[in-house]
Amino acid sequence: MNIAESVNTIYKQIETAALDAGRNPEEVKLVAVTKTVDAETARLVLEAGCPVLAENRVQSFLEKYEVLGDAPEWHIIGHLQTNKVKYVVGKVSLIHSVDSLHLAEAISKRAEALGITQDILLQFNISGEESKSGASEEEAEALLASVSTLPGIRVCGLMTMAPLDATETETRAIFSGLRELLYKLRQKHYPNTDLKELSMGMSNDFEAAVKEGATLIRIGRSLFR
Ligand SMILES: *Cc1c(COP(=O)(O)O)cnc(C)c1O
């Protein structure tokens, strides 16, 4: 396992995919998903030139946070329970996985108590796959209209996951669907929003995501093989 080499390879692949689509590669941020490795290995990712680390479980975030502190920029990308919100708000710079008003309210309350603004993304289930979490596309406007009234929260964009077994065509349709949803929501000028981020693409499909406009790609496996 040579992490520096993996990070370099992924940056090159991002660059190729972005240029291919007529995009500036610098618009795409690599988010390293460290959920399968320990804190010392996560530190190597940081040292290899990837400053953003993400965890999908609160417990594994806290374990690494204890070791690495604020050296990385931390993101939470997995399903978040309202009773765990207090452990992450204010420690992470972005929560990708907000899929209900109930969860947004809990984050808002905690952020207000701390006197901060917490950046979040709304997660959508564009594929309609039942096993995937995320709000449905039909709920998007109503959800954002409600969430954007909450204090202490800034909605910075949208997140989705494509099914692992989707074809390239299906995957691209899901990613372009999220991009079009972002553009549509942007036109409504909701308060407390800065809708610019598209968090989409993982190890198996990030090049397709970059071609469809991803600004945050979440990579785990490809860093650690
Ligand atoms: C694990 C995970 C990833 C990274 O997936 P890889 O296939 O390991 O690149 C991305 N997003 C979420 C939400 C994850 O849980």
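For the structure, see preceding data.
What you see is a predicted model; the values in this text were computed from it and never measured. (Residues numbered from 1 in each chain as written. Predicted model: local features only at pLDDT ≥ 70, side-chain atom pairs only at ≥ 80, totals over all residues. Heavy atoms only, no water.)

Asks: When you look at the pattern of salt bridges in this model, what are you seeing that I'm missing?
Replies: Two side chains that carry opposite charge are able to pair once their charged atoms sit near each other. The full count for this structure, using the stated rule, is 12 salt bridges. We note a salt bridge from E73 to K29, for which the minimum N-O separation is 3.7 Å. Of this pair, E73 sits in strand β3 (residues 73–76) while K29 sits in strand β1 (residues 29–33), and the two are 44 residues apart along the sequence. The partner of K64 in a salt bridge is E55, with the nearest N and O atoms 2.9 Å apart. The same class applies to K64 and to E55, which are both buried. When salt bridges with common partners are traced through the structure, they connect E168, R172, R179, E180 and E212 into a single cluster. (Salt bridge = Lys/Arg side-chain N within 4 Å of Asp/Glu carboxyl O. Helix = DSSP H or I, 4+ residues; strand = E, 2+ residues; numbered from the N terminus. Buried < 20%, exposed > 50% of the residue type's maximum accessible area, 1.4 Å probe, protein only.)

Asks: Would you take a moment to explain the site of the ligand for this structure?
Replies: Residues in contact with the ligand, as listed here, are V33, K35, N56, I77, M161, M202, S203, R218, I219, G220 and R221. One of the side-chain nitrogen or oxygen atoms of K35 is found 2.8 Å away from an oxygen atom of the ligand. When the free accessible area of the ligand is taken as 390 Å², the share hidden by the protein chains comes to 91%. Put simply, the ligand lies in the largest pocket. For the shell around the ligand, a count of residues per class yields five nonpolar, three polar and three charged. (Near = heavy atom within 4 Å. Polar contact = N/O pair within 3.5 Å; in protein donor to acceptor, adjacent residues only side chain to side chain. Areas by Shrake-Rupley, 256 points an atom, 1.4 Å probe, with all protein chains shown as cover. 1 Å grid on protein atoms, 1.4 Å probe; cavity = no way out; pocket = protein on both sides within 12 Å on 5 of 7 lines; lining within 4 Å. Sits in = over half its atoms within 2 Å of the grid points. Nonpolar A, V, L, I, M, F, W, Y, C, P; charged D, E, K, R; others polar.)

Asks: Is there a simple way to explain the nonpolar core in this structure?
Replies: Nonpolar side chains tend toward joint burial in soluble globular proteins. Among the nonpolar cores identified, the biggest contains 65 residues, and I95, I107, I120, L122, F124, L158 and I217 are the most heavily contacted of them. If we skip the residues at most four places from it in the chain, L158 touches L121, L122, F124, L178, L181, L182, L185, E197, L198 and S199. With 10 residues, the next largest nonpolar core counts V31, I77, M159 and L216 among its residues. (Core = buried A, V, L, I, M, F, W, Y, C linked by side-chain atoms within 4.5 Å. Contact = heavy atoms within 4.5 Å.)

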